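What follows is the residue order along each chain.
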Amino acid sequence: VAFGLYFPRKEYLENVYIDEPAGMPLLRIHALRDSHEEVAHFHLCQNLIISRARSHENNWFQIKEKTGLLYLSKSLDREDFNMLSVGNWMPLSKVMLYVFLSSHPFQEKECDSATRTTVFLSLINATAPACSSLTARQLCFTEMDLSFHIKENKPPGTFHQLQLPSVHHLCQNLSISYKLLAAEGLPFRYNENTTSVRVTQRLDREERERYELIAKCTVRKGFREMQVEVPFLINVLDEDDSPPFLPNGTDTADAVVEFNRKE
């Protein structure tokens, strides 16, 4: 049974500051394929969910249909912030967007695809901090943990980019480089030019259901060099491809079910 394209993450997090320019890249979302011939198309629903009860038309965020790059299509000013926050006294407002995935180009207003992921945006009532004031951890990685799920027996593909699009856009005078530390022979490859991470072969959950790697980032500011390391985890999701078996070679077993009954 083909289940189609899927997201390697259930949710994404990103910060958005006031007065960041239109065109500002925020984050890159990836999709993995169920079969070789699929091509991913990304689509953003035109509603921002501000709180469970309220939604607002999305005038600020767009996604590139073929690359999954989420970006600001319109600068978010203080007036916008006040409208999207519950009250203008709040320093931060959280909004939610749904990104949908299809192997065909999306038709306008189409928001009922079963395959979706959630993007949580923290709207911050301040302008973006200067690059020089950010720690190595903030320059290298977002607040979300680097944890992914990849289905077994599916084609290889790129599922993450380590470089943060917003930092790369704003802090071009800084040198930020990454490495993916992994034992020899693991089925993951890091591309230094694009900072993307790829699963290189079909995974088998019966062989291994969890991989633990380390993402290492080096920031150079003038003569100073700072390094930060974070866990990079991959969970292999099961596909029902192995019939149940009993280790002793037989096909029957005795089971006793006990329970305590109360009135």
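Just so we're clear, the structure is a prediction, and the values are computed from it rather than from any experiment. (Residues numbered from 1 in each chain as written. Predicted model: local features only at pLDDT ≥ 70, side-chain atom pairs only at ≥ 80, totals over all residues. Heavy atoms only, no water.)

K.L.:
Break down the sheet that holds strand β14 (residues 196–199) for me, with residues and values.
P.N.:
Strand order in the open sheet formed by three strands is β11-β14-β13, and the pairing between neighbours is antiparallel. Two strands in the sheet have a free side with no partner beyond their single neighbour: β11 (157–161) and β13 (188–191). Sheet twist, expressed as the average angle between the axes of neighbouring strands with direction ignored, equals 30°. Of the strand pairs in this sheet, β11 and β14 are connected by four bridges, and their pairing is antiparallel. Following the sheet pairing, T158 is matched in β14 by R198. (Pairing = 2+ DSSP bridges. Helix = DSSP H or I, 4+ residues; strand = E, 2+ residues; numbered from the N terminus. Axes fitted to C-alpha atoms, helices over the stretch in contact; angles between N-to-C directions.)

K.L.:
If you had to explain the state of the cysteines to someone new, which residues and values would you point to?
P.N.:
On inspection of all chains with the given rule, the structure shows two disulfides. One disulfide in the model links C131 with C171; its S-S distance is 2.0 Å. A torsion of -85° about the S-S bond marks the disulfide between C131 and C171 as left-handed. Of the two residues, C131 is situated in the loop between β9 (116–124) and α2 (136–140) and C171 in the loop between α3 (165–170) and β12 (175–181); the sequence distance between them amounts to 40 residues. Taking relative accessible area as the criterion, C131 reaches 17% and is therefore assigned buried. Paired through a disulfide, C140 and C217 show a sulfur-sulfur distance of 2.0 Å. Across the S-S bond linking C140 and C217, the dihedral sits near -70°, which makes this disulfide left-handed. Separated by 77 residues along the polypeptide, C140 in helix α2 and C217 in strand β15 (residues 210–221) bring together distant segments of the chain. A relative accessible area of 0% places C217 in the buried class. (Disulfide = S-S within 2.5 Å. Buried < 20%, exposed > 50% of the residue type's maximum accessible area, 1.4 Å probe, protein only.)

K.L.:
Quick rundown of the sheet that holds strand β7 (residues 69–72)? Include the residues and the values.
P.N.:
Spatially, β2-β7-β6 is the arrangement adopted by the three strands of the open sheet, whose pairing is antiparallel. The outermost strands of the open sheet, each flanked by one partner alone, are β2 (25–28) and β6 (61–63). With direction set aside, neighbouring strand axes in the sheet form an average angle of 20°. Bridge count for β6 against β7 is three bridges, and the pairing is antiparallel. For F61, the partnering residue across the bridge sits in β7 and is L72.

K.L.:
I'd love a proper account of the packing of aromatic side chains, names of residues and values included.
P.N.:
All told, the structure shown has eight aromatic pairs when counted by the stated rule. Judged by centre distance (6.2 Å) and plane angle (75°), the ring pair of F159 and F188 falls under edge-to-face. Taken together, the residues span a long stretch of sequence, with F159 in strand β11 and F188 in strand β13 at a distance of 29 residues. Grouping residues by exposure puts F159 and F188 together as buried. Ring geometry for F159 against F232: centres 6.1 Å apart, planes inclined by 55°, an arrangement best described as tilted. Here F159, found in strand β11, pairs with F232, found in strand β16 (residues 224–237); they are 73 residues apart in sequence, far enough to count as distant. Comparing F159 with F232 shows no difference in burial state: the two are buried. Among the aromatic residues, those joined into a cluster by ring pairs are F148, F159, F188, Y211 and F232. Taking NZ or CZ as reference, R9 lies 5.2 Å from the ring centre of F148, over its face. Geometry around Y6 places K151 over its ring, the cationic atom sitting 4.6 Å from the centre. (Phe/Tyr/Trp six-rings, centres within 6.5 Å; stacked < 30°, edge-to-face > 60°. Lys NZ or Arg CZ within 6 Å of the ring centre and 35° of its normal.)

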